[in-house]
Amino acid sequence: MEMDRDRFEELVGEALDEVPEQLLRLMDNVVILVEDDSPPDGPELLGLYEGHALTARGWDYAGVLPDRITIYRHPILRICDSEDDVVDEVAVTVVHEIAHHFGIDDARLHALGWG
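Because the structure is a prediction, the values reported are computed rather than measured.

Here's the deal with the overall build of the protein
Alright, step 1. The helix and strand tally for the protein stands at five helices and three strands.
Alright, step 2. Ordering the α and β elements of the protein from the N terminus gives α-α-β-β-β-α-α-α.
Alright, step 3. Here the protein has a C-alpha radius of gyration of 14 Å; the compact-globule value for 115 residues is 13 Å, and the two agree.
Alright, step 4. Across its three principal directions, the C-alpha atoms of the protein cover 45 × 30 × 30 Å.
Alright, step 5. Within the protein, counting contacts between residues at least 6 apart in sequence, those at least 24 apart form 72% of the total.

Examining the sheet that holds strand β1 (residues 30–35)
Alright, step 1. Strand order in the open sheet made by the three strands is β1-β3-β2, with mixed pairing throughout. Each end of this open sheet is capped by a strand with a single partner; those strands are β1 and β2 (47–50). Across this sheet, the average inter-strand angle for adjacent strands is 15°, counted without regard to direction.
Alright, step 2. Alignment of β1 against strand β3 (residues 67–72), held across six bridges, turns out to be parallel. Residue pairing in the sheet places V30 in a bridge with D67 of β3.

As for the nonpolar core
Alright, step 1. Ranked by size, the top nonpolar core spans 21 residues in total, and within it F8, V12, V86, V90, V94 and I98 carry the most contacts.
Alright, step 2. Among the elements of the structure, α1 (5–17), β3, α3 (73–78) and α4 (83–101) are those that each provide at least two residues to this core.
Alright, step 3. Once residues within four sequence positions are removed from consideration, F8 is found in contact with M3, V34, I71, Y72, R73, I76, L77, V86 and V90.

Concerning the layout of surface pockets
Any space left empty among the atoms is revealed by the rolling of a water-sized probe across them.
Alright, step 1. When its volume is computed, the largest pocket comes out at roughly 170 Å³.
Alright, step 2. If you trace the largest pocket, you find it lined by E18, V19, P20, L23, V95, I98, A99, F102, I104, L109, L112 and W114.
Alright, step 3. Here the element with the most residues in the lining of the largest pocket is α4; it accounts for three residues.
Alright, step 4. Grouping the constituent residues of the lining of the largest pocket by class yields eleven nonpolar, no polar and one charged.

Re unusual backbone geometry
Alright, step 1. One non-glycine residue with positive phi stands out, namely N29, at about 55°.
Alright, step 2. Among the structural elements, N29 can be located in the loop between α2 (21–26) and β1.
Alright, step 3. Its relative accessible area of 28% is what places N29 among the partly exposed residues.

Focus: α4
Alright, step 1. The terminal C-alpha atoms of α4, which comprises 19 residues, lie 27 Å apart, in line with the 27 Å expected from a rise of 1.5 Å per residue.
Alright, step 2. Phi turns positive, to about 90°, at G103, one or two residues after α4.

Definitions and limits used
Residues numbered from 1 in each chain as written. Predicted model: local features only at pLDDT ≥ 70, side-chain atom pairs only at ≥ 80, totals over all residues. Heavy atoms only, no water. Helix = DSSP H or I, 4+ residues; strand = E, 2+ residues; numbered from the N terminus. Rg over C-alpha atoms; globule rule 2.2 N^0.38 Å. Contact = heavy atoms within 4.5 Å. Pairing = 2+ DSSP bridges. Axes fitted to C-alpha atoms, helices over the stretch in contact; angles between N-to-C directions. Core = buried A, V, L, I, M, F, W, Y, C linked by side-chain atoms within 4.5 Å. Buried < 20%, exposed > 50% of the residue type's maximum accessible area, 1.4 Å probe, protein only. 1 Å grid on protein atoms, 1.4 Å probe; cavity = no way out; pocket = protein on both sides within 12 Å on 5 of 7 lines; lining within 4 Å. Points joined across faces, edges and corners; volume = space filled by probe spheres on them. Nonpolar A, V, L, I, M, F, W, Y, C, P; charged D, E, K, R; others polar. Expected span 1.5 Å × (residues − 1).

What follows is the structure, encoded as structure tokens:
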């Protein structure tokens, strides 16, 4: 599947627009980015959460860089056959990575159908 970066970033924004406002307001010190490819030294990822989940932050959480949610364009496009597939996969990936920010692990996400 081919899609330019601008359109892909629009889809990420649209996926974020679908996240309930109550959850977005609870997100703290996190940035969402789009990159073309996942890191070359590991498995091909669709998205990645890096940081300190809200559930792991204690009294000493201060002065740290924002958490990062990265959505990877090329890996998502490689597994999709149509723009509708991309819309669906971006939405699932965005929700999946936001869930990590809230401390939900991969096993629980897979059980909930957001794997």
